Amino acid sequence: MKHKKTSFLSGRIKSVTYALKGFYLLISTEHSIITQLLISGFMCGVGFYFEISLVEWMFQILAIGLVLTAESLNTAIEAVCDYIQPNFDKKIGFIKDIAAGAVTFAALTAIVIGAIIYLPKIL
Ligand SMILES: Nc1ncnc2c1ncn2[C@@H]1O[C@H](COP(=O)(O)OP(=O)(O)OP(=O)(O)O)[C@@H](O)[C@H]1O
């Protein structure tokens, strides 16, 4: 699809506007993202409770960002799949499964980071 030629600056501003629109759509309509945000908020509360260090906060925030990013990309892949093939299709099932697998990678990483931060404080 051809777009009208825009200047570098207005092109960048438009891109940021679309990205913010996507961000708003994710946090306001996608249940998986809302669930992850609630878990992230809870983990931040736990972080304040245990008064974790600056470095621990940095790792926790990185882990949260990693999971939210993976979940968001998975949501986008699911949306593309549902758009191009709304009916049952083995290949679509495979694509959705591996996209969900990517979220599992991120979630496992976050769990390990959480364990490294909190287990010594609990045990
Ligand atoms: N069109 C399809 N054809 C074949 N298998 C599908 C199809 N749609 C979904 N599946 C299977 O169902 C699983 C869940 O798909 P779905 O799109 O419901 O993801 P979800 O993670 O449950 O979605 P949500 O993020 O909305 O909760 C997929 O991983 C895949 O195995």
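Residues numbered from 1 in each chain as written. Predicted model: local features only at pLDDT ≥ 70, side-chain atom pairs only at ≥ 80, totals over all residues.

- The protein is annotated in an unreviewed UniProt entry as Diacylglycerol kinase family protein from Paenimyroides aestuarii.
- The UniProt entry for the protein carries this comment under Subcellular location (unreviewed entry): "Cell membrane".
- Under the UniProt heading Sequence similarities (unreviewed entry), the note attached to the protein is "Belongs to the bacterial diacylglycerol kinase family." (UniProt positions renumbered as here; feature names shortened; annotations may be inferred.)

**With respect to helix α3 (residues 54–84)**
Residues that lie three or four places apart on an α-helix share one face, since the helix turns once every 3.6 residues.
No. 1: Here α3 contains 31 residues, and its C-alpha end-to-end distance of 45 Å stays within 8% of the 45 Å for a straight helix at 1.5 Å per residue.
No. 2: Looking only at α3, the buried set comprises Q60, A63, I64, V67, L68, A70, E71, S72 and N74.
No. 3: Each element contacted by the buried residues of α3 is listed here: α1 (8–29), α2 (31–49) and α4 (90–122). (Helix = DSSP H or I, 4+ residues; strand = E, 2+ residues; numbered from the N terminus. Expected span 1.5 Å × (residues − 1). Buried ≥ 20, exposed ≤ 12 C-beta atoms within 10 Å, placed from the backbone. Contact = placed C-beta atoms within 7 Å.)

**Considering the UniProt feature "transmembrane region" (unreviewed entry) in the protein**
No. 1: Mapped onto this numbering, the UniProt entry gives "transmembrane region" (unreviewed entry) at residues 33–52 and 98–119.
No. 2: End-to-end, the C-alpha atoms of residues 33–52 are 25 Å apart, and along that stretch the chain is 85% helix and 0% strand.
No. 3: In the segment residues 98–119, helix accounts for 100% and strand for 0%; the C-alpha atoms at its two ends are 30 Å apart.

**Describing the site of the ligand**
No. 1: Within the structure, the ligand sits among S32, E78, Q85, F88, D89, I92, G93, K96, D97 and A100.
No. 2: Here the shell around the ligand gets five residues from one element, more than from any other, and that element is α4.
No. 3: Tallied by class, residues from the shell around the ligand come to three nonpolar, three polar and four charged. (Near = placed C-beta within 6 Å. Nonpolar A, V, L, I, M, F, W, Y, C, P; charged D, E, K, R; others polar.)

**Concerning the environment of G22**
No. 1: One can find G22 in helix α1.
No. 2: Sequence separation between G22 and S72 is 50 residues; the distance between their C-alpha atoms is 9.7 Å.

**With respect to unusual backbone geometry**
Most peptide bonds take the trans form, and the phi angle of most residues other than glycine is negative.
No. 1: Even without a glycine there, the phi angle at E51 is positive, about 45°.
No. 2: The residue E51 is located in the loop between α2 and α3 in this model.

**Section: the packing of α3 against α4**
Between two packed helices, what matters for the description is the angle formed by their axes and the separation of those axes.
No. 1: With their axes 9 Å apart at the nearest point, α3 and α4 run at an angle of 170° to one another. Classified by the interaxial angle, the pair formed by α3 and α4 is roughly antiparallel.
No. 2: Of the residues belonging to the contact of α3 with α4, the class tally is 18 nonpolar, four polar and four charged. (Axes fitted to C-alpha atoms, helices over the stretch in contact; angles between N-to-C directions. Parallel < 35°, antiparallel > 145°, perpendicular 65-115°, else oblique.)

**Considerations on the packing of α2 against α3**
No. 1: Contact geometry for α2 and α3: axes closest at 10 Å, N-to-C directions at 175°. Considering their axes alone, α2 and α3 lie roughly antiparallel with respect to each other. Residues S32, I33, Q36, S40, M43 and G47 of α2 touch α3, and the partners they reach there are W57, Q60, I64, V67, L68, E71, S72 and T75.

**Quick word on the nonpolar core**
No. 1: I33, A63, I64, V67, L68, A70, V103, A106 and A110 together form the largest nonpolar core, which totals nine residues.
No. 2: Contributing elements (two or more residues each) for this core: α3 and α4.
No. 3: For this core, the element with the most residues is α3, which contributes five residues.
No. 4: Beyond its immediate sequence surroundings of up to four residues, A63 is in contact with T109, A110, I113 and G114. (Core = buried A, V, L, I, M, F, W, Y, C linked by C-beta atoms within 7 Å.)

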